[in-house]
Each structure stands twice: as structure tokens, then as C-alpha cells.
Amino acid sequence: MNIPMVDLRSQYHSLKNEIDTALLEALEETHFILGPNVQAFEQEAADYLGVKHAIGVASGTDALLLSLDAAGIGQGDEVITTAFTFIATAEAISYLGAKPVFVDIDPYTLNIDLNQVERAINNKTRAIIPVHIFGQPVDMETLVQLANANNLCIVEDCAQSFGAHINSKMTGSFGTFGAFSFFPSKNLGCFGDGGLITTNDDKHANELRVLRNHGSRERYHHNVIGYNSRLDELQAVILRIKLKHINEYNQNRRRVAHHYSKALADTDIQLPHEDGKGLHVYHQYTLLHEKRDKIMDALLKNDIACAIYYPIPLHRQDVFLKTYKNISLPVAESVSEKCFSLPIYPELENQTIDIITDIIKGAL
Ligand SMILES: *Cc1c(COP(=O)(O)O)cnc(C)c1O
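These remarks concern the structure in this document.

### A closer look at the overall build of the protein
- Along the backbone of the protein there are 14 helices and 13 strands.
- For a compact globule of 364 residues, the expected C-alpha radius of gyration is about 21 Å, and the protein comes in at 20 Å, within 12% of that figure.
- Overall, the protein is about 65 × 55 × 35 Å in size when its C-alpha atoms are taken along their principal axes.
- Split into buried and exposed, the 364 residues of the protein put 55% on the buried side.
- A fraction of 71% describes how many contacts in the protein between residues 6 or more apart in sequence connect residues 24 or more apart.
- Accessible surface computed for the protein: about 16,000 Å², of which carbon and sulfur atoms make up 48%.
- With 32 positive and 45 negative side-chain charges, the protein shows a separation of 3 Å between the mean positions of the two kinds.

Here you go:
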């Protein structure tokens, strides 16, 4: 039995007629840059996410970068974020000449530890990037209070949390900005790269529309150094179709996660911990165990994919080693040595999950 981490083909096949037809129409239309589908998707996404503005950009990384740029972050500024995330979160800070300040995580939710965020704030701090890691919302009510008290901007990294919410308020609607990725394997994924920025601030929304389009408000008039970072029209076609199904996809991710957790409840594996505050949409199903290598070997021998997100916390990555050699973040370091993720996608069937959990139990 060959089980991949994600199965993009079955999702495509379930929507094939609709997607193929809509793509062919867009090809005939030939309005490829900032065309009608990008505009419509921005409105539909803003409505779904409960925000005033949604601005399509070329990737999740650019969504973070342009948000920080619009917030005026630059040389000499510090931006607090988690050490346990994908590199893009920190890259966006570094591109602008600002300094990522890494803090440790909660050992159960694996999200940024808000007490440590508070301790890391100083007079150079300008912004905080919380990452809703693996799809579980950070406690945004507490974080927003902390940010407001210290006059800091929040850019939510929502790359893994499309559709996750706290009491029906969506991730991406709490901060000054929300940054989303539509990389194919994300909860809402397109067929290439794509990203989105959300904001309720009219002025920032206008700035972002200028920034993503070469700093141009009027064609061939440029008042700031901008970017070539627009959401692609063909990707927008696909996203509009998939957006209609995102609740069902996320519900199925939760079904898969809960089925795994039920089957593994009587083991000594640390299961994903839902903090009871927000709705976890399980971008990843991530476990912790001392003998992770042994478990992963058993799965791989049976053609069942598994992966480590993330094997090295950011302050220990080669690219950052020199700057951060004197800091230690014990929880992130220990989690990186014990974590591993199992296949998860909406189409994964319970019977298959049972096979996977039997192999894991056999390996223990
Ligand atoms: C995927 C991801 C990104 C980057 O998104 P891209 O669209 O690949 O640029 C940023 N942050 C996190 C946490 C991610 O998982």
C-alpha cells in the first residue's frame, strides 16, 4: 500500500470538470495579470475570512514580506517570532534588514509561547509574527492585547491555517495583516505558487496593491520601490473553485486527525493537543516520541510516507547560526528531535488510517 503525505490528484479529480472548464475559459479570456478571477477571488476570500480587504500576491513568503514592508519594518527593527516554523517566516524579516527575534514554543500546542513573547519585547521591537502552526490558532485575543499595549504590529502567518478560527473569528482577521499561502499542499492549495494578504486597514490595503505591482498606482508612474508579486489569474480560477469546499476539506482533516488520535490514545506517543480555544484545521498531524526514527522506519518500510516538520529550529539553521549561537530555546530544540508527521489530507480514509496506526503500534 503506497500512502503519500498528501494526495493532490484525488482532490483535482473530484473537481476536474469544473476546473478544466473554468481554466479553458480563462485561457480564452487572456486577461492573465490581475484579471477578473483574481478580483473575484479577493472579494470571495475577504468575505469568507471576514476582513475588509484581501490582496492576492505571488506566494505566502511574499505575503509576509509585503505586509512587513507596508508596516514600515526595516533596518534596525526587531520582529519577534517562533523558532519552530518554516524558514519563510524569518526570511521575510531578514529581506528587509530587520532582525528576527526567536522565542520558544509551548510544549503541547507547539505554538509560540506568549509569555516569552512578552519578555522579548524591547524598544527596538516593531512587530510580532505569530504562526498558527500546523493549523491550530495561536491565542490571538491575548496576543492582540499584548501588541496593543506595546504599540506593535501583528502579521499573522496563516500559511497553515486557512479556515481556522477562534469563536468563528478567522485567523488572518486578528492582526494588522494576515499572510496566507496557497502552495499546493496547504489546506487551500492552488496548482503552483500563490498567496494572499488580509487587512481591515484601508490605507494599508491601498499600499499593498501598489507594492505588489511595481510600486505603481498609475501605469508607468512609480512612487515607491515595489515588487512583481501578483496572484496569477489561472491560480485564482482554481482557488475560487476550491474555496467553495474549504469547510468540507477542513472538516475531513479533523476527522482524519481524530481517527488517528483515537487509535493512538493508548500509546505513549504525545498526540496533537487542541487547546480548546480555537478550531484546529490540521494542516499537519504531528506526533512526538523519543523513538521517532524507529516508528518512521517501520512506516517507510511499508510504503507509508511520513516526514519531520521541522527537524531544525530556525535559530539552529546554518544561515542563522552565527547570530544566534548564544541563545537556547529548549522546548523547540527538544520538539525538533522528537516530532514527526503522518499523512493527512481530506480524502484519507479511516480504514487506511487503521493500517497506519497498526504499523506504528507494532513498532513501539
Ligand atoms: C508554506 C509556508 C510559508 C510560505 O509559503 P509559500 O507560499 O511557500 O511562500 C510561510 N510560512 C509557513 C508557516 C508555511 O508553512
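### Quick look at the sheet that holds strand S2 (residues 78–82)
- In space, the 7 strands of this open sheet follow the order S1-S9-S8-S5-S4-S2-S3, with mixed pairing throughout. The two strands at the open ends of the sheet, each matched to only one other strand, are strand S1 (53–57) and strand S3 (99–103). Strand-to-strand twist in this sheet, taken as the mean axis angle between neighbours without regard to direction, amounts to 25°.
- In this structure, S2 lies alongside S3, joined through 5 bridges in parallel fashion. Within S3, the residue paired with Glu78 across the bridge is Lys99.
- Of the strands in this sheet, S1, strand S8 (177–181) and strand S9 (195–199) touch helix H3 (residues 36–49), which is tilted by about 130° from S1.

### With respect to the packing of helix H11 (residues 292–301) against helix H14 (residues 350–363)
- Relative orientation of the contacting elements H11 and H14 amounts to 135°, with a least axis distance of 9 Å. The orientation of H11 relative to H14 falls into the category oblique. Regarding H11 and H14, the two cross each other, and that crossing is right-handed. Residues Lys294, Ile295, Ala298 and Leu299 of H11 lie in contact with H14, whose contacting residues are Ile356, Ile359, Ile360 and Ala363.

### What about the pattern of salt bridges?
- Following the criterion strictly, the structure yields 14 salt bridges and no others.
- Residue Asp20 pairs with Lys16 through a salt bridge whose shortest N-O separation is 2.7 Å. Placement of both Asp20 and Lys16 in helix H2 (residues 16–29) is noted, with a separation of 4 residues, approximately one turn of the helix.
- Using a relative accessible area of 23% as the deciding quantity, one classes Asp20 as partly exposed.
- Measuring nitrogen to oxygen at the nearest pair gives 3.4 Å for the salt bridge that ties Glu333 to Arg316. Taken together, the residues span a long stretch of sequence, with Glu333 in helix H13 (residues 330–338) and Arg316 in the loop between H11 and helix H12 (318–324) at a distance of 17 residues.
- When salt bridges that share partners are traced, they join Glu42, Arg209 and Arg212 into one network.

### Considerations on a nonpolar patch on the surface
- Where nonpolar side chains cluster on the molecular surface, the patch consists of Leu24, Leu27, Phe32 and Ile33 and spans about 370 Å² of accessible area.
- Looking at the element boundaries, Leu24 is found in helix H2.
- For Leu24, a relative accessible area of 55% puts it in the exposed group.

### Quick notes on H2
- Taking 1.5 Å of rise per residue, the 14 residues of H2 would be expected to cover 20 Å, and the 20 Å separating its terminal C-alpha atoms lies within 8% of that figure.
- Immediately beyond the C-terminal end of H2, within one or two residues, lies Thr30, with a positive phi of roughly 55°.

### Considering unusual backbone geometry
- The omega angle of the peptide bond from Tyr309 to Tyr310 is 5°, so this bond is cis rather than trans.
- Summarising the element assignment, Tyr310 is placed in the loop between H11 and H12.
- One non-glycine residue, Asn151, adopts positive backbone phi at about 60°.
- Residue placement: Asn151 occurs in the loop between helix H7 (140–149) and strand S5 (153–157).
- For Ser168, which is not a glycine, the phi torsion comes out positive at approximately 75°.
- With respect to the helices, strands and loops of the structure, Ser168 is situated in the loop between strand S6 (165–166) and strand S7 (169–170).
- By relative accessible area, Ser168 is classed as exposed at 60%.

### Concerning the packing of aromatic side chains
- Tallying each qualifying case throughout the model produces 14 aromatic pairs.
- Where Tyr12 meets Phe191, the ring centres are 5.7 Å apart and the plane angle is 90°; that geometry is what we call edge-to-face. Here Phe191 lies in the loop between S8 and S9 and Tyr12 lies in helix H1 (residues 8–14), a separation of 179 residues in the sequence.
- Each ring, one from Phe320 and one from Tyr324, has its centre 5.8 Å from the other, and the planes form 85°; the classification is edge-to-face. One end of the pair, Phe320, and the other, Tyr324, are both in helix H12, 4 residues apart, so they sit about a helical turn from each other. For the pair Phe320 and Tyr324, one class covers both residues: buried.
- An aromatic cluster of at least three residues, connected via ring pairs, comprises Phe41, Tyr48, Phe162, Phe180 and Phe182.
- Its guanidinium or amino end placed over the ring of Phe174, Lys169 lies 4.8 Å from that ring's centre, counting from NZ or CZ.

### Considerations on the side chain of Ser161
- In this fold, Ser161 is placed in the loop between S5 and S6.
- Exposure remark for Ser161: the relative accessible area of 0% places this residue in the buried category.
- Polar contacts involving the side chain of Ser161 include one to the side chain of Thr171, which spans 3.0 Å.

Conventions we followed
Residues numbered from 1 in each chain as written. Predicted model: local features only at pLDDT ≥ 70, side-chain atom pairs only at ≥ 80, totals over all residues. Heavy atoms only, no water. Helix = DSSP H or I, 4+ residues; strand = E, 2+ residues; numbered from the N terminus. Rg over C-alpha atoms; globule rule 2.2 N^0.38 Å. Buried < 20%, exposed > 50% of the residue type's maximum accessible area, 1.4 Å probe, protein only. Contact = heavy atoms within 4.5 Å. Areas by Shrake-Rupley, 256 points an atom, 1.4 Å probe, with all protein chains shown as cover. Lys, Arg positive; Asp, Glu negative; His and termini not counted. Charge placed at Lys NZ, Arg CZ, Asp CG, Glu CD. Pairing = 2+ DSSP bridges. Axes fitted to C-alpha atoms, helices over the stretch in contact; angles between N-to-C directions. Parallel < 35°, antiparallel > 145°, perpendicular 65-115°, else oblique. Left-handed = near helix turned anticlockwise from the far one by under 90°. Salt bridge = Lys/Arg side-chain N within 4 Å of Asp/Glu carboxyl O. Patch = residues over 30% accessible without salt bridge, like charges linked within 9 Å, V, L, I, M, F, W, Y side chains within 5 Å. Expected span 1.5 Å × (residues − 1). Phe/Tyr/Trp six-rings, centres within 6.5 Å; stacked < 30°, edge-to-face > 60°. Lys NZ or Arg CZ within 6 Å of the ring centre and 35° of its normal. Polar contact = N/O pair within 3.5 Å; in protein donor to acceptor, adjacent residues only side chain to side chain.

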